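# Commentary on secondary and tertiary structure
One letter stands for each residue in the lines below.
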Amino acid sequence: MPEHNQIDLVRDLLDVQLRDRRGRRIGRVDGVVLEVRDGLPPRVAAMEVGALAFAKRVHPRLARLLRSVALRCFPVSLRSVYFPLTLFRRVGVDVELDVDAMHDRRLLRLEKWLRRHIVERLPGA
Amino acid sequence: MKSLVKVGLGILTSIGGFLEAGSIGTALQAGATFRYGLLWALALGTICIAFLTEMTGRLAAVSHHTVIDAMRTRFGVSFQVWPLGAQVIVDLLVLASEIGGASLALELATGVSLRVWAVPVTLIIWSLLWFGTFNAIEHGVALLGLVTLCFVVAVIELGPEWRAVAAGLIPQRAPADGAQYAYLAVGILGASISPYLVSFYSSGAVEEEWKTSDLGMNRVVSALGMGFGSLVAISVMIAAALVLAPRGITADSYQQAATVLSIPLGRWGLPLFCASLAIGCLGAALELSLDLSYILAQSFGWEWGENKRPAEEARFALTYTIALALASVPSLAGIDPLRLTMFSMAITVVALPLLVGPLIVVMNDKEYLKRHTNGFITNAAVIVIIGVAFVLALLAIPVQWLAS
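Residues numbered from 1 in each chain as written. Chains lettered and ligands numbered in written order. Predicted model: local features only at pLDDT ≥ 70, side-chain atom pairs only at ≥ 80, totals over all residues. Heavy atoms only, no water.

### Remarks on empty space enclosed by the protein
Residue and element names in this part refer to chain B. Heads up, the condition is: A cavity, in this analysis, means grid points on a 1 Å lattice covering only the protein atoms where a 1.4 Å probe fits yet has no way out; a pocket is instead an open set bounded by protein on both sides within 12 Å along at least five of seven lines, and a residue lines either one if it has an atom within 4 Å of a point. Grid points are joined across faces, edges and corners, and a volume is the space filled by probe spheres set on the points. Helix and strand labels come from DSSP, where a helix needs a run of H or I of at least four residues and a strand needs a run of E of at least two; each type is numbered from the N terminus. Throughout, the ten residues Ala, Val, Leu, Ile, Met, Phe, Trp, Tyr, Cys and Pro are labelled nonpolar, Asp, Glu, Lys and Arg are labelled charged, and all others, Gly among them, are labelled polar.
Tallied over the entire structure, the rule returns 6 cavities of 30 Å³ or more. The space that makes up the largest cavity amounts to roughly 130 Å³. Considering the residues around the largest cavity, the lining is formed by 16 residues, among which Gly17, Val141, Gly283, Ala284 and Glu287 are closest to the centre. The set of elements that each furnish at least two residues to the lining of the largest cavity consists of helix H1 (2-18), helix H7 (134-144) and helix H15 (269-300). Among the elements that take part in the lining of the largest cavity, H15 stands out by supplying 6 residues, more than any other. Its residues assigned to classes, the lining of the largest cavity shows 8 nonpolar, 6 polar and 2 charged. The computed volume of the second largest cavity comes to approximately 110 Å³. Contributing to the lining of the second largest cavity are 13 residues, with Gln87, Pro195, Val198, Leu355 and Val356 lying nearest its centre. Where the lining of the second largest cavity is concerned, the elements lending two or more residues are helix H4 (67-75), helix H11 (195-207) and helix H18 (337-363). For the lining of the second largest cavity, the leading source of residues is H18, giving 4 residues. When the residues that make up the lining of the second largest cavity are grouped by side-chain class, the tally is 10 nonpolar, 3 polar and no charged.

Okay, here's the thing in structure tokens:
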């Protein structure tokens, strides 16, 4: 059983909801990256967030399909974003990261594109 | 006092929001064809949905997770995509049925084809979501939905023989037309055990930040709300049994069934039938559109919330926009709303084990529910009812579809 200051990677980290420092939801932990070191135990290098990481976990073929569709007709890149575990801070059932999603160009790329190019052009948005 | 108001409002919205295309359509057909013979299916469905909403409210109050949240974190994406995909399909089909039902109510009232009404109906739903605050919409439409109580008034006017009504609560031997009897039972169960109600209720509970101190209120609202709500659906079935069945009207379409209120309520009958159908379908369509956005947003970790502007959650707003556009297609194509409704209800029942099974696992997990996990009765009631509905669906659907 993990101690209170340990994280169970699958139960406590994978798939958990992420929020930025303002409390805005910015995605879920779609993958966990381990760093393999010579003669030392593996170490958690980063949390991965991104549609391709999500698709790869469903099926590698889905990820390949999504990548080829995205390259042809997606307005934004689907590259994953990696966060070091040092940013990890548990707040209730979610994890808060010390980032500002609205000003960080790596985050919410599709959301920002849709807002700028479609939603804000419609009345009442 | 504040919690009493909360309970009262919760029960009122459940009553006002209970009737929609599925429950009206299936209750009318069942009453017209088998009189009170399928009341037991409605009672079973109501018991199941009351248990399910209580469960999801409890999950939200204890663990602060919505159903979708809990499913993704408990089972991971590679499993969760299956129930998610099933719920998206079911929600879209039922949304299409609701748009069809509301459009048909307007056709009955005006004589203008439902194909023409499908566009304004879809635009009204979209505008309410886009420009309005969801809290106001949800409570407003559900309170307007109290017009459906006209079915209860009609039943009191008609004065049924209550002993015969009570006998319908116990399943009888299937009549000669067994396949249709079973198919209608499946439809009624699918209409009562609506998966969208479950995820919608849990999203609201998380957003209102329910705590363990709200568990009592949750129990009362889910039991009484669904219980009183089902009285309206029971009234539809009784009214159909007393008005349509003796006249040999089988209610194969809403047009045939529209006379159900004309005898007990006179010249107010048709306008009240149209208003009940239109408002019931409109309310359900609003909840379904939101539910589609909720389940995708919660699965992928997007921003979601009842009272945010579209610019604050572009993906959320565009999801219900696209869903509404897709769901309006069957009505634009002139597909009969009642047939579409029966089809959607049958598909709902087939998908139920996939949607409810994982929820039962979560509800028995102490990591999420601590000491508030499901008891034996809750587990048994839900598993048995979903199991009966699923087996009935597997038997009845192929026969009915081949026959028609």
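### Digging into the nonpolar core
Rules: By nonpolar core we mean a set of buried residues, namely Ala, Val, Leu, Ile, Met, Phe, Trp, Tyr and Cys, connected to one another through side-chain atoms within 4.5 Å. Think of it in three bands: with a 1.4 Å probe and only protein chains considered, a residue is buried below 20% of the maximum accessible area for its type, exposed above 50%, and partly exposed in between. Note on definitions: a residue-residue contact is assigned when non-hydrogen atoms from the two residues lie within 4.5 Å.
Counting residues in each nonpolar core, the largest one holds 148 residues, and the members touching the most others are B:Leu28, B:Leu38, B:Val260 and B:Phe273. If you tally residues by element for this core, the top one is H15(B), at 16 residues. For B:Val260, the residues in contact, after removing those within four places along its chain, are B:Leu28, B:Phe151, B:Ala239, B:Ala240, B:Val243, B:Leu244 and B:Phe273. A:Leu13, A:Leu18, A:Phe88 and A:Val99 belong to the second largest nonpolar core, which has 16 residues in total.

### Some words on the side chain of B:Arg315
Within the secondary structure, B:Arg315 sits in helix H16 (residues 314-327). Those residues within four positions of B:Arg315 in sequence are excluded, and the remaining contacts are A:Leu108, A:Leu110, A:Glu111, A:Leu114 and B:Trp302.

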